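A closer look at the structure
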Amino acid sequence: MAFSFTKWQGCGNDFVLVNCFEEELAGRDLPALARTVCDRHYGIGADGLILVLPSDTADFRMQILNADGSEAEMCGNGIRCFAGVVHTENLTRKEEFTVETGAGILVPRLIFQNGTLDGVRVDMGEPILEGERIPVTGFGRAPVIEQPIEAVGAQFSMTCVSMGNPHCVIFVDDAEAVPIFELGPVLEHHACFPRKTNVEFAEIKDSAHIRMRVWERGAAVTLACGTGSCATLVAAALTNRTGRKAEVELDGGKLQIEWAADNHLYMTGPAQKVFSGIYA
Ligand SMILES: N[C@H](CCC[C@H](N)C(=O)O)C(=O)O
């Protein structure tokens, strides 16, 4: 059955969003729907499918499925686009509201410039560092900081962080030179990640600038990853490569990330509507 959708992107990480206050997707095979909708030849084309849903515990609930149909706990670029849909479809008059996600209740705040939506600042909550909660096997409750991992016959040093979803951060001297299509899938599916992982290759430019490229769990190389940018900043600060605030330069744009004194990550970045339509 046909339904209306809007296409949004944040730093080139793009999503099909469905306002489920208006559309009924209950009973649909959501993983299969995500795979067909996200297909860039046979569908609309996107890195993920996001549902805007009511919630019993927050103003709204966000459900996010990757392009491969797998469900993720959280999506940073996605929640900024989610906030854009909530605003543009007049689901609330509030400029800051709560969203129930797999990473807990998070708080996007709309940013306006001359009355026009200019971006979103999101309280992304606290990072999770205990190995068993990321999860990474073999570390118990210990953090996973500068630990060895082998892939494609080479040894790397990883620092792992969860933002509700798992991230494996690897610091490199030259992000542009990383064979991301070779290393990404091997690390995503590495045996030490029972729920697989997102993989970030990060080059430190200076104490407040990071260049990062990402291989996403369930979506392959994307132009940007908001939770991955948060995880990368945490990993960089924990290993004394940067301070607790940095600009993360991704293939598709820049995000401002701060690991504040309240131990929460704050992410600020764009959210732009591309088009709306009816999916047959
Ligand atoms: N592929 C991710 C979800 C999307 C995260 C990313 N697009 C972001 O902006 O945080 C996962 O399976 O954990």
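Only a predicted model underlies this, so the values are computations on that prediction, with no experimental measurement involved.

Rules and cut-offs
- Residues numbered from 1 in each chain as written.
- Predicted model: local features only at pLDDT ≥ 70, side-chain atom pairs only at ≥ 80, totals over all residues.
- Helix = DSSP H or I, 4+ residues; strand = E, 2+ residues; numbered from the N terminus.
- Rg over C-alpha atoms; globule rule 2.2 N^0.38 Å.
- Buried ≥ 20, exposed ≤ 12 C-beta atoms within 10 Å, placed from the backbone.
- Contact = placed C-beta atoms within 7 Å.
- Arc of directions from axis to C-beta.
- UniProt positions renumbered as here; feature names shortened; annotations may be inferred.
- Near = placed C-beta within 6 Å.
- Nonpolar A, V, L, I, M, F, W, Y, C, P; charged D, E, K, R; others polar.
- Pairing = 2+ DSSP bridges.
- Expected span 1.5 Å × (residues − 1).
- Right-handed = clockwise from strand over helix to strand, strands pointing away.

1. Quick look at the overall build of the protein chain
From N to C terminus, the protein chain includes four helices and 18 strands. Relative to its length of 280 residues, the protein chain is compact, with a C-alpha radius of gyration of 18 Å against a globular reference of 19 Å. Structurally, the protein chain occupies a C-alpha span of about 50 × 40 × 35 Å along its principal axes. For the protein chain, buried positions account for 45% of its 280 residues. Of all intrachain contacts in the protein chain linking residues separated by at least 6 positions in sequence, the fraction that spans at least 24 positions is 64%.

2. Focus on unusual backbone geometry
Cis geometry is adopted by the peptide bond preceding Pro135, which originates at Ile134 and carries an omega value of -5°. Within the chain, Asn114 stands out as a residue other than glycine whose phi angle is a positive 55°. Along the chain, the position of Asn114 falls in the loop between strand S7 (104–113) and strand S8 (116–123). Even without being glycine, Asn263 reaches a positive phi, approximately 70°. Here Asn263 shows up in the loop between strand S16 (253–259) and strand S17 (265–269). When the 9 C-beta atoms within 10 Å are taken as the criterion, Asn263 is described as exposed.

3. Here's the deal with helix H1 (residues 30–38)
For H1, every residue scored as buried is listed here: Leu33, Ala34, Val37 and Cys38. Around the axis of H1, the buried residues are gathered within 115° of arc, so they sit on the same side.

4. Observations concerning the UniProt feature "active site" (unreviewed entry) in the protein chain
Feature annotation in UniProt places "active site" (unreviewed entry) on Cys75 and Cys225, given in this structure's numbering. Taking the farthest pair of C-alpha atoms as the criterion, the annotated set spanning 151 residues converges on one region, since that pair is 7.7 Å apart. With respect to the secondary-structure elements, Cys75 resides in the loop between strand S5 (71–72) and helix H2 (76–88). Cys75 sits in the buried class, given 31 other C-beta atoms within 10 Å. Those residues in contact with Cys75 that lie beyond four places of it in its chain are Gly48, Ile64, Gly226 and Thr227. Looking at the element boundaries, Cys225 is found in the loop between strand S14 (220–222) and helix H4 (226–238). Excluding residues that lie within four positions of it along the chain, Cys225 makes contacts with Asn13, Gly76, Asn77, Asn198, Val214 and Glu216.

5. Focus: the site of the ligand
Close to the ligand lie 18 residues, the nearest being Ala72, Asn77, Asn165, Gly226 and Thr227. Elements that contribute at least two residues to the shell around the ligand include exactly H2 and H4. In the shell around the ligand, the residues fall into four nonpolar, 12 polar and two charged.

6. Focus: the pairing of strand S9 (residues 144–151)
Sheet topology note: the S9/strand S10 (residues 154–162) ladder contains six bridges and is antiparallel. Looking at S10, one finds that Pro148 is bridged to Ser157. What sits between S9 and S10 in their antiparallel hairpin is a turn of two residues, with Val152 showing a positive phi close to 50°.

7. Quick notes on the environment of Ala34
In this fold, Ala34 is placed in helix H1. For the pair Ala34 and Phe275, spaced 241 residues apart in sequence, the C-alpha to C-alpha distance is 18 Å. In this view, Ala34 contacts Leu49, Leu65, Asn66, Ala67 and Gly69; residues no more than four positions away in its chain are not counted.

8. Regarding H4
Helix length check: H4 (13 residues) gives 18 Å between terminal C-alpha atoms against 18 Å at 1.5 Å per residue, within 8%. Burial analysis of H4 places 11 of its 13 residues in the buried class, which makes it a mostly covered element. Among the residues of H4, those classed as buried are Gly226, Thr227, Gly228, Ser229, Cys230, Ala231, Thr232, Leu233, Val234, Ala235 and Ala236. Trailing H4 by a residue or two, Asn240 shows a phi angle of about 55°, which is positive.

9. Observations regarding the pairing of strand S2 (residues 13–19)
Counting buried residues in S2 gives six out of seven residues, a clear majority hidden from the surface. With five bridges connecting them, S2 and strand S3 (residues 48–53) associate as parallel partners. Each residue of the ladder has a partner; that of Val16, found in S3, is Leu49. On the question of chirality, the crossover connecting S2 to the parallel S3 by way of H1 is right-handed.

10. Regarding the environment of Thr92
Checked against the element boundaries, Thr92 lands in the loop between H2 and strand S6 (99–101). Residue classification places Thr92 among the partly exposed positions, given that 14 C-beta atoms sit within 10 Å. A C-alpha to C-alpha distance of 41 Å links Thr92 and Ile145, two positions 53 residues apart in sequence. Excluding residues that lie within four positions of it along the chain, Thr92 makes contacts with Asp59, Val86 and Phe97.

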